[in-house]
Every structure is written in structure tokens, then in C-alpha cells.
Amino acid sequence: VQGTGGSSALSKCSAAARGYIQDRFLRLLVGRQRRRAPLIHRGYYIRARAVDHCVQHFLLKTQSHPRRQILSLGAGFDSLYFRLKDLGLLHHAVVYEVDFPNVARQKAALIKRMKELSALVGDTGGEGLGVITCSGEDYKLLGVDLSELSELERALEEAGLDNEIPTLFIAEVVLTYMENNRSDALIQWAAERFSRACFLLYEQMHPEDPFGRVMQQHFRQLNSALHSLAQYPDRGAQQRRFFEKGWTECSVMDMNEFFTYCTPEDEQQRVQALEPFDEYEEWHLKCSHYFVLTASKGMEPSWTPLSSSLTVPHRDGPVRVAGSITAAVCATHSGVSGLRRYGHHSVLIKPNVILTTGGFGEEHGQHCRVRNFHVLIKHVGYWKAGCVKKANPDKRWDGRLYHTVSCPSDSLALVVGGRTSPSGAGLGMLGLKFPETSNALDPDDIAVELVSLQPAAEPAASRWRHSTTEVIFKGEKHLFVYGGRSAGEPVLGDWYFLHIPELSCTVIPVEGPVPESRHSHSACSWKGGVLIAGGLGAAEQPLGSVFFLRELERGFQWQTVETHPPLVPRYSHTAHVHDGKLLLVGGVWFHSSSVPGITVIDLMTGLCLDYTINVEHLEWPLMLHNHSSVFLANEKELLLIGGGGNCFSFGTHLNPEPVSLSLSNILTSH
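Residues numbered from 1 in each chain as written. Predicted model: local features only at pLDDT ≥ 70, side-chain atom pairs only at ≥ 80, totals over all residues. Heavy atoms only, no water.

Looking at an unreviewed UniProt entry, one finds the protein chain named tRNA wybutosine-synthesizing protein 4 and attributed to Nyctiprogne leucopyga.

In C-alpha cells, the structure reads:
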């Protein structure tokens, strides 16, 4: 448990060094430095922001009181006291910090050694005596095990904690490491013993969905299991816990809500622009698995830092579910894994052959940008899997992610866009040629030749997380490239028509309301036009809109597809059209109480039905973002290939095998 404290201090330090948080004291307290990834920086930024928001709200609300105090439980090497003191916010306030005796002794020695720190604490007369390892006029550092409540109470009394004045308790990912009966006793003790008290809790929730399972596994491996999750798995359970233990007011927000509603827009934009970033899915999943809770009793006026004047639309209500679809591991015969990846693209190049290219995943036993092409060939009762020979092995695949692949003919696939690094340029176009014969029964029968294409339509291909869809105008085939993002533009709303076969840019008039810019949306060909659904918009907010680009005499027209109930906003899903119905598969949304399964939209009536995916037959978490899917219309079978990602600091999860869903029930029952 102490190890997790040291690791999080290093991460906060790295976030401060990159300008996410303003904190010059962290590096003094942490000493060594280690640069973390942008995803980790964002995660620790939002944690620090939430705690600061609530602490400053408490100090503001109690500033007319002659005395007030803050008690930070399991404070570790946190710099809170030094920041507040430096900003002049500790008038008539004392900060008490408690942690394991050896942690408190280490921190006290550090403070003594560092002039900048000891100057803020002032005269440290009584330190080193018993549990008080460091003591100044407005700062007391105590070495006590939090789970020994009577010892804690004795030590705090000795240090001068006052039960009658406004008190803020802070527990930032601390209580969950204790046995529930001990953390519950602590929450109840704080409510019973202090007449005017506030409690700030920041920790994990939702242990049972795919991300939650990876998160739990990580903490178990560190030998620091998260105890509160089983008994208090969601915000409702945490709220009930505090009410039952004697608190009179309590509000909870997950971190997606906190970032959206309690962080000013200009601050959101500042943070989003600090580093090249392309891990939206993992950022939003991390945020939906952490919450900030504030509880109070006896506070006048009431202390409610989370229910600001803004009304937060409560997203945690259950999504109405029409039924469920059972997932089964796809029977494959193969000697290669090859499909453990994300950010790749899979496409049907023949009625029975699926080609998968690109992405990040597992190759030759290590994690890297995948360079092998992979095929699945359908046989009776199983799929045969394997790597594909390159007809020109000297020409290397560039290892791109987030590209698209379209098949304008029986012998050519077009790769459009994609990236290697989020700070690099989009990668343009490539052709993949394969033999026209369709009697391939074995991966060895298929050879793919990489062809460089230098079409005039370069801007169309300098993007990623976009869509490329076949449309027909006046009987002629075109590729419609839409949306996405680039190194310079975090979100694009433009489009190009590329005439097939020569891929020249064609100007075709488009009328109607232009959809807002988006990336990570889905696009399907339908009736000669395109259906665009969902995506991530300009403020990194999921979108719930559906548009149809419809062919007219003189060009195309954007039309809004109304859905009822309204489509839950989502992105990073895949989509297919069958028999007048649009199927959306997986993705990421902000409803933290469930994960997206399959949504069926009836394109005639607009009726929108959500189905969960029943994963009881899978032995591993099924992460349905950054995956690919292929729909076999005759069998009404959906194949899910790859998917997953880098789960914050909890490790990378890649779905190990393709998964098959039979959709015949939901496609015939409407």
C-alpha cells in the first residue's frame, strides 16, 4: 500500500513538470523524477483538480470562522499543506496529516532537510516526540496506522485536534486499502465525534465491467487489493454508506462529470493542448471508474462543492435494455495469435475471407505496432487463421493505426490515412493488391502486394480516426472520406469525394445542415449514401447524433436521423447496416453504470433499442473499443476482432481471441 503512495507521488510530480498542475513543492518531497505518459498525466491532473476544488471550497465557506482544520488521512508525500500555506489560504486553519509511522518519519526528515519546506512550517519544536513527527503552528504530521481507530483518536487529541470547529477530512485513495469494517468505523467516528464536519473521498468504482476487472487485477497483483469495491461498487452504494454512518448531505460525481461540469472550459482546453494525445477511450474509462464524494453534517451554510449552480444531467441511470446477445469465442484453427491488437482495421475481401491490417498489439511475443497482415478464412464450423505472405517483401507496411480499408474491387483494397505517432502527420494512401480468385482455403494461398499510391487527394488521407465509405453518384462509385483528426487539428469536420478508380478529388455539391466535426465515429454505405453515427466532438465529448448523406439529382444532402429514445452518445464503436437497420457495436460512452453492447436503430421508424452482450462464456474481459467487426449478412453473424487498449496505469488489455455474436434473434424479431 505504501508503494502505491510513492508511485502516485511520482506521477503527480511528472504531471506538475509538464504544466498540468501548478505545484513547486512536489519535486522537493518526491526527490527523484520519472516522466510518465500523457494518459497518466491527465489521470493525476483530474485527481489533483478535484481535491483542490473541494478543499478550496471548504476554506472559502469557513473563512468567517475563528478556527478551522483539515485532517488528511493517508497523506503520504502530498504537498497540500505547503501549497495552501504558500497561497495564503490557511488563515485560522491547521492542517493535520496522518500516515504510517515510517512514512511520517521519512516526510518529517525531508521537511527538516529542505529549507523551503521547513521555512513554511516554522518552528518545529515538539517534533520527534511519540507519534508527532513534525509540528508547527498550523501543521502537524502524525505517524499512526489509520486502521487502529483508538490510537488515531489518542494521537489527534494529543496534537490538538478540536471536535467543535469546522473540520475537513480528506481520504484520497486511502480507505479502499483498509478492511471495510475499519474504514466504515472511521467514517462513522468522523460523523459522530465532530459537530461540524465535511468529508472528501476520492477512489475507484465499477469493479465488474471489463475495465474494472483489469483495474482490480492490477491492485491484487500489487498485493494492495481494493476492499471497498465489493461492498460499495458504485456511487449509489457509497452515498448510502455515508448516510448510514451519520452524514446528512452527500453528493458524488464520476470524473468525466467533474471534468465536464466543474472544470472551466478554458482550463479544459488548456489541459487538452498540453501534449500530443490520442488515448481518449482510456482517459474516459479511467474517469468513469473514479469518483469524488463530498459529505457533510452540521455545516452552515451547507458545504456542497459538487452541486454547483450547474445542473449535472445524471448519467448513471440505467440504459433501457431490450435484451441480451450471447458472446462465444470464435472457433479458430491457427498457429499464430496475430489478432490481439487495437486501432487496426478488418475487412471482408472475399465472401469468406477477412483481412486485418495495422494497429498496436502483440507480435513475436512483444507489444508493438503490428506489421503482419492477418486473415481469417471461413470453413464449415470454424475459421482458419494465419499471417499473409507479402508479394513484395522488400516493401514494408509502416505500422499505422486508426486507418481505414475499403475494397472498391475484387482484387484491390485501399488503405486511407492512419498514424504512427499522435504528433506525426497522417500517412496518406496505400493500395493492397491480392489475386482475384476466391477459392482460398488456406492463409498460405493468399499473397498481398503493397502498392504506393500518389493520388492528388493527399489532404483527404492525412488524417486518422476518420471514416471512408463507398457512395454512388450518377451511377459512378466514389469513396467518401469524412472527419477524423490530424496532428494539427484535434477534430475535423471536412469531407472529400474520391472518384474510383483513379482516386481524383471530385467536387460534388452537398446541402443541408453540416454535422459537427467528429472523429472515432462510424460510417456505413446505405442506399447510395452514407450513415454517420456518434463520434467524439470538439470538446472531447461523445456525440449522439446520426446523419444520413443522401443522394439527390444534383448532389448530396445531409439529413438528421431522429432516434427515440435518443441514442446514448458514444464513440469508438463499429457499425453495420442490415435490412433497414443500423447496428452500432460497442464503443465508449459516459454512462458509467454499464458498457455499450449492440444498439439497433430502425431507419424507417427511428426506434432505438439497446442490447447488452452476455459474456458469461468468455473467460476474459471483453473490451469493445478500438476493435473491428465484420457482419456476415447470410448467417446474421457478427465477428468481433481485437479491441482493448492501455488501461491507465493498470497495464494493457488486448482481447485474446475473436468473438462471434449471432444476431438472428434481434434482426428478425423487430
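A. Structural detail: the domain arrangement of the protein chain. Once the domains are mapped, the protein chain shows domain 1 (3–297) and domain 2 (321–668). The interface is formed by 33 residues belonging to domain 1 together with 35 residues belonging to domain 2. Carbon and sulfur atoms supply 59% of the area that domain 1 and domain 2 bury against each other, a total of about 2900 Å² over both sides. Together, D278, Y280 and E281 form the three largest contributors to the area buried by domain 1 at its contact with domain 2, with a combined 23%. One can count 5 salt bridges joining domain 1 with domain 2. The shortest N-O distance in the salt bridge between D278 and R485 comes to 3.4 Å. The interface formed by domain 1 and domain 2 includes 16 residue pairs in polar contact (both at pLDDT 80 or more). (Domains from an automatic or database assignment. Contact = heavy atoms within 4.5 Å. Buried area = accessible area lost by both parts, 1.4 Å probe. Salt bridge = Lys/Arg side-chain N within 4 Å of Asp/Glu carboxyl O. Polar contact = N/O pair within 3.5 Å; in protein donor to acceptor, adjacent residues only side chain to side chain.)

B. Representation of unusual backbone geometry in the model. Following I500, the chain continues into P501 via a peptide bond in cis, with omega recorded as 15°. Mapped onto the elements, P501 comes out in the loop between β25 (495–499) and β26 (504–506). Although it is not a glycine, H364 sits at a positive phi angle of roughly 50°. Here H364 lies in the loop between β14 (360–363) and β15 (366–369). A residue is classified by how much of its surface remains accessible, and H364, at 72% relative accessible area, is exposed. In this structure, S572 takes a positive phi of about 60° despite not being glycine. You can see S572 is positioned in the loop between β31 (556–560) and β32 (574–578). (Helix = DSSP H or I, 4+ residues; strand = E, 2+ residues; numbered from the N terminus. Buried < 20%, exposed > 50% of the residue type's maximum accessible area, 1.4 Å probe, protein only.)

C. Geometry of the sheet that holds β15. Within the open sheet, the 3 strands sit side by side as β11-β14-β15. Their pairing is antiparallel. Since the sheet does not close on itself, it has two edges, and those belong to β11 (341–342) and β15, each with one partner. Relative to β14, β11 runs antiparallel, the two sharing 2 bridges. From the neighbouring strand, R341 faces β14, where its bridge partner is G361. (Pairing = 2+ DSSP bridges.)

D. Expanded view of the packing of helix α7 (residues 149–159) against helix α8 (residues 180–193). Running from N to C, α7 and α8 point in directions that differ by 40°, and their axes come no closer than 11 Å. With respect to their mutual orientation, α7 and α8 come out oblique. For the pair α7 and α8, the crossing hand works out as right-handed. The residues of α8 that touch α7, namely those facing L149, L152, E153 and L156, are A185, L186, W189 and R193. Partitioned by chemical class, the residues of the contact of α7 with α8 number 6 nonpolar, no polar and 2 charged. (Axes fitted to C-alpha atoms, helices over the stretch in contact; angles between N-to-C directions. Parallel < 35°, antiparallel > 145°, perpendicular 65-115°, else oblique. Left-handed = near helix turned anticlockwise from the far one by under 90°. Nonpolar A, V, L, I, M, F, W, Y, C, P; charged D, E, K, R; others polar.)

E. Examining helix α12 (residues 255–262) more closely. Of all 8 residues in α12, 8 are buried; the element is thus mostly enclosed. Within the sequence span of α12, burial applies to M255, N256, E257, F258, F259, T260, Y261 and C262. Between the side-chain oxygen at the start of α12 and the backbone nitrogen of N256 there is a gap of 2.9 Å, and the oxygen is on D254.

F. Up close: the nonpolar core. With 77 residues, the main nonpolar core has V55 and V292 as its most contacted residues. Broken down by element, the residue count for this core peaks at 12 residues, all from helix α3 (residues 38–61). If we ignore the near neighbours within four places in the chain, the residues touching V292 are A50, C54, L200, L201, Y202, S251, V252, M253, M255, F258 and L306. Ranked by size, the runner-up nonpolar core spans 36 residues in total, among them L71, A155, F199 and A295. (Core = buried A, V, L, I, M, F, W, Y, C linked by side-chain atoms within 4.5 Å.)

G. Broad picture of the packing of aromatic side chains. Taken as a whole and judged by the stated rule, the model has 31 aromatic pairs. On the numbers, 4.4 Å between centres and 25° between planes, the contact of Y81 with Y139 is stacked. With Y81 in helix α4 (residues 80–86) and Y139 in strand β4 (residues 139–143), the pair connects residues that are 58 residues apart, well separated along the chain. In this pair, the class of Y81 matches that of Y139, namely buried. Joined through ring pairs, the aromatic side chains of F473, F480, Y482, W495, F497, F547, F556 and W558 make up one cluster. Cation over ring: R42 sits above F277, and NZ or CZ is 3.7 Å from the ring centre. Positioned above the aromatic ring of F648, the side-chain terminus of K286 is 4.9 Å from the ring centre. (Phe/Tyr/Trp six-rings, centres within 6.5 Å; stacked < 30°, edge-to-face > 60°. Lys NZ or Arg CZ within 6 Å of the ring centre and 35° of its normal.)

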